[in-house]
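Remarks on the overall topology
Listed below are the residues making up each chain.
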Amino acid sequence: MYLTKYFLPILKENPSEAQIISHRLMLRSGMIKQSSAGIYSWLPLGLKVLKKIEQIVVEEQIAAGHIPILMPTIQPSELWKESGRLDDYGKEMLRVEDRHGRLMLYGPTNEELVTDIFRTHISSYKDLPKTLFHIQWKFRDEVRPRFGVMRGREFFMKDGYSFDMDKDSAIHAYNRHMITYLRTYERLGLKALPMKADTGPIGGDYSHEFLVLAETGESQVFYDKSVTDLSLGNRHIDYSDQQDVADIVKKFTQPYARTDETHDENLFNKIPIERRLSARGIEVGQIFYFGTKYSNSMGADIVMPNGDRTPVEMGSHGIGVSRLVGALIEANHDELGIIWPASVTPFDAVIINLKQGDEQVERACSQLYEDLILSGFDILYDDRHERVGVKFATMDLIGIPWQIIVGPRDLAEGFLELKFRADGIRRRIPLGEGSDHLVKALRA
Ligand code: ATP
Ligand code: MG
C-alpha cells in the first residue's frame, strides 16, 4: 500500500480525552475514531489488527473441533423472559422497540439465542458433544465506558457455547477451551494468566478469567510467580485426549492466581514470600461451566442412552477481541509509539523513502515494494513528500516491526538500511537481486 493512497489519519496532538497509553496511541495512529461514548469506528489500520486477532482466535477454536456460526446482534426479548434474565440484566441491556411494538434488544451475550438454536435442532446424546461459537459485536451500556476499546459499550467478542451429555464431558469442553485460550494468547505474543473466577450463585470451581498484566488494568491480581513461567510453546495438543488435556489444565491452574474478587489472603500467604506477587491486570477472556442453568429454564433437553430426557450440560466461553487490541498495545509500546508483535501487525514492513522526488530512490523503492509483495509480504510504502523526521516519527508511532530505509547515499553504494522497531537497531543490507537479502532478513 502506497501511503499517499491510503487512509491513515495521524493525529499530531495528544488527544486530551485519552487517559491510558493504548487509547492515546490508537487515536494518534488513526486506528479508531469515537462516534459516541464507548462506540468506535475502526479505521483501516485498526481494522487490520482487529481482523488478525479474530483470525487467530478462529483458527484455535477450529483446531479444537469447535464450530463457527454467526448469530445476530439484535435479539427478541421473549427468549430472555424464558431464561429469567430480561429483568436481571438491568440497565446494561440496550432495549429497542421495533415498529410493531415488539421489545428487542442488542445482545450483550448469546446464551439464550444459542440455547434456542440447540433445542430446535438437537435432541439426542448421539449428536453430542458440540461447541458452537461466533465472533460478533456485543452491546453493554456500561456506566463508565472508558479507556477506548478496553471498556467500550459496543465491543467485538468471541463467545463459544459447549453442549455435552454429562458433567464429565462438559468439564472436558471447559478444559479444551482453557487450552485454546492459552494458545491464542501465546500466538498473540501475550502473557495471559488463568485466574480462578467467581461463579456466582452457580458455584463450583469451573470458571477462570485470563488476565494480561499491565499497570492500567482494572483488576488487582495476586499470583504465584511460578505461573508466569508456564507456556504451551509448540507442543502438539490432541484435543480428543481427555486425560492429557486435563493434565495440561491442571499444570496451569495449580499455582495460586486470583483477582481481588476471589483472593484468599490465607492461601496466598502460604506461597513462599519470594514468589508472592501482586499487580494490575486486564481481563481478556473468561470461561465458565454452568451446567443446566439455561437448558433447564429453556427446556433444552436431550434423550440419554437409557431413554431418559435430561437438560443438556452447558458452558460459555468468551474472548474480548476488540479489548485485546488495547491490551496488546498496553503490553507492547515505548515512548515513541506502538511495537506490534509479528502475529498481529497491520503491515509486515514499511519502506521509508528518504528523498521523495529523487528519481533513482523512487525507482528503487517501487522495485523493492514489488519484490516484497511478490514474496508474500504486506508492505506499507511511505511515499509522502514529508521531512525525514516526520516519516520516522510516524513509522515509530504506528509500530510496524520492520522499517526499510532507502536514501540516495546508501543506494549509490548498493545498500539500504533495515531497522527493527523493537530495539531500534539498524543494519546495512545489500540490495542484491530481487531484494533477496532483504527477503531473507525479513523471514528470519
Ligand atoms: P468485565 O468484568 O471487564 O466487565 P465481564 O466479565 O463482564 O467483563 P464477560 O461477560 O466475561 O465480561 O465477557 C468476555 C470478555 O469480553 C471479557 O473477558 C472481556 O475481555 C470482554 N469484554 C467484556 N466487557 C467488555 C467491554 N465493555 N468492552 C470491551 N470488552 C469487553
Ligand atoms: Mg468476565
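In short, a report on the structure. (Residues numbered from 1 in each chain as written. Chains lettered and ligands numbered in written order. Predicted model: local features only at pLDDT ≥ 70, side-chain atom pairs only at ≥ 80, totals over all residues. Heavy atoms only, no water.)

Observations regarding helix H11 (residues 359–374)
How we decide: By definition, any uninterrupted DSSP run of H or I lasting at least four residues is a helix, any uninterrupted run of E lasting at least two residues is a strand, and each is numbered from the N terminus. To estimate how far a helix should extend, the number of its residues minus one is multiplied by 1.5 Å. Buried, partly exposed and exposed residues are distinguished by accessible area as a fraction of the type maximum, computed with a 1.4 Å probe on protein chains only: under 20%, between the cut-offs, and over 50%, respectively. Contact criterion: two residues are considered in contact whenever any of their non-hydrogen atoms come within 4.5 Å of each other. Whenever a nitrogen or oxygen atom comes within 3.5 Å of another N or O atom, the pair is scored as a polar contact, on the condition that within protein one atom can donate a hydrogen and the other can accept it, and that pairs from neighbouring residues in sequence are kept only if both atoms are in side chains.
The end-to-end C-alpha separation of H11 is 23 Å, in line with the 22 Å expected for 16 residues at 1.5 Å each. Within H11, the full set of buried residues consists of Val361, Ala364, Cys365, Leu368, Tyr369, Asp371 and Leu372. In this structure, the buried residues of H11 make contact with strand E19 (349–353), strand E20 (379–382), strand E21 (402–406), helix H13 (408–412), strand E22 (415–420) and helix H14 (436–443). Where H11 begins, one side-chain oxygen reaches toward the backbone nitrogen of Gln360, 2.9 Å away; that side chain belongs to Asp358.

A look at the sheet that holds strand E6 (residues 103–106)
Worth spelling out the cut-off: At least two bridges found by DSSP between two strands are what make those strands a pair. Helix axes are fitted only over the stretch in contact, all axes being lines through C-alpha atoms; the angle between N-to-C directions runs from 0 to 180 degrees.
Strand order in the open sheet formed by three strands is E4-E6-E5, with antiparallel pairing between adjacent strands. The outermost strands of the open sheet, each flanked by one partner alone, are strand E4 (74–76) and strand E5 (94–97). For this sheet, the mean angle separating the axes of adjacent strands, direction not counted, is 40°. Here three bridges tie E4 to E6, and the two strands are oriented antiparallel to one another. Following the sheet pairing, Ile74 is matched in E6 by Tyr106.

Quick look at the pairing of strand E2 (residues 39–42)
Across four bridges, strand E1 (residues 32–36) lies against E2 in antiparallel orientation. The residue bridging Gln34 from the neighbouring strand is Tyr40, located in E2. Count of turn residues in the E1/E2 antiparallel hairpin: two residues, of which Gly38 carries a positive phi of about 70°.

Some thoughts on the coordination of the magnesium ion (ligand 2)
Let me state the cut-off plainly: Donor atoms: N, O and S within 2.8 Å of the metal, or within 3.2 Å for Na, K and Ca. Because water is excluded, sites can look incomplete.
Distances from the magnesium ion (ligand 2) to its protein donors, Glu283 (OE) and Gln286 (OE1), fall within 2.0 to 2.2 Å. Among the residues examined, Gln286 registers a relative accessible area of 23% and is labelled partly exposed.

Remarks on empty space enclosed by the protein
Counted only if it meets this: Cavity means a closed set of points on a 1 Å grid over the protein atoms alone, one where a 1.4 Å probe fits but cannot get out, pocket means an open set with protein on both sides within 12 Å along at least 5 of 7 lines, and lining means a residue has an atom within 4 Å of a point. Grid points are joined across faces, edges and corners, and a volume is the space filled by probe spheres set on the points.
Taken as a whole and judged by the stated rule, the model has one cavity of 30 Å³ or more. Taken as a whole, the largest cavity holds about 40 Å³ of empty space. Listing elements by their share of the lining of the largest cavity, those giving two or more residues are E2 and strand E8 (154–164). Broken down by element, the residue count for the lining of the largest cavity peaks at three residues, all from E2.

Quick word on unusual backbone geometry
A negative phi angle is the norm for most residues apart from glycine, just as the trans form is the norm for most peptide bonds. Cis geometry marks the peptide bond from Leu128 to Pro129, where omega comes out at 0°. Mapped onto the fold, Pro129 is located in the loop between helix H5 (111–121) and strand E7 (130–139). Notably, Phe147 is not glycine yet its phi reads approximately 60°, a positive angle. The residue Phe147 is located in the loop between E7 and E8 in this model.

Examining the layout of surface pockets
What counts here: Each residue receives one of three labels: charged for Asp, Glu, Lys and Arg, nonpolar for Ala, Val, Leu, Ile, Met, Phe, Trp, Tyr, Cys and Pro, and polar for the others, Gly being one of them.
The computed volume of the largest pocket comes to approximately 1,300 Å³. What lines the largest pocket is a set of 50 residues, among which Tyr89, Arg140, Glu209, Glu283 and Gln286 lie closest to the centre. Contributions of two or more residues to the lining of the largest pocket are made by E8, strand E13 (276–291), helix H9 (293–298), strand E16 (313–320) and helix H10 (321–331). With eight residues, E13 is the single largest residue contributor to the lining of the largest pocket. The residue makeup of the lining of the largest pocket, split by class, is 18 nonpolar, 17 polar and 15 charged. Counted as a void, the second largest pocket has a volume near 320 Å³. Counting residues per element, the lining of the second largest pocket draws most heavily on helix H12 (residues 388–398), which supplies five residues. Split into classes, the residues belonging to the lining of the second largest pocket amount to eight nonpolar, one polar and five charged.

Nothing here speaks to function; it is all geometry.
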